[in-house]
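Each chain, letter by letter, is given below.
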Amino acid sequence: MNMTQVILKKLNPIVIEKLKHLAQSHQRTLEEEITSILEDVTENTPIITSKSRDWSPGFFEQTCAGWQGELLVREPQPEAQEREPLL
């Protein structure tokens, strides 16, 4: 596992004291407490990459082209209404 060092230079001293208190109450070091908090917060957060944004293979064949009911027919549409121009 690749470990990365994180330095927090502008953390509110009150937050640090609260984190120290939490760490003590959980019998952990400050680093262990911060690590635990970050792991809990990010546990169910997916990592989105450019590849994961693409459509899954066969997505359209399984959804759009997968209709097996009656043939879908668009009913005739009325003429477009004349509208007042936007100002």
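Scroll up for the structure.
Residues numbered from 1 in each chain as written. Predicted model: local features only at pLDDT ≥ 70, side-chain atom pairs only at ≥ 80, totals over all residues. Heavy atoms only, no water.

**Some words on unusual backbone geometry**
Here the phi dihedral of Gln-27 falls at roughly 55 degrees; this positive angle occurs in a residue that is not glycine. Tracing the chain through its elements places Gln-27 in the loop between helix 1 (13-25) and helix 2 (30-42). Since its relative accessible area comes to 75%, Gln-27 is described here as exposed. (Helix = DSSP H or I, 4+ residues; strand = E, 2+ residues; numbered from the N terminus. Buried < 20%, exposed > 50% of the residue type's maximum accessible area, 1.4 Å probe, protein only.)

**A word on the layout of surface pockets**
By volume, the largest pocket amounts to about 660 Å³. Looking at the largest pocket, it is lined by 15 residues, and the ones nearest its centre are Thr-4, Val-6, Ile-34, Thr-35 and Leu-38. Ranked by the residues each element gives to the lining of the largest pocket, the list is headed by helix 2, at 7 residues. Split by residue class, the lining of the largest pocket holds 8 nonpolar, 5 polar and 2 charged. (1 Å grid on protein atoms, 1.4 Å probe; cavity = no way out; pocket = protein on both sides within 12 Å on 5 of 7 lines; lining within 4 Å. Points joined across faces, edges and corners; volume = space filled by probe spheres on them. Nonpolar A, V, L, I, M, F, W, Y, C, P; charged D, E, K, R; others polar.)

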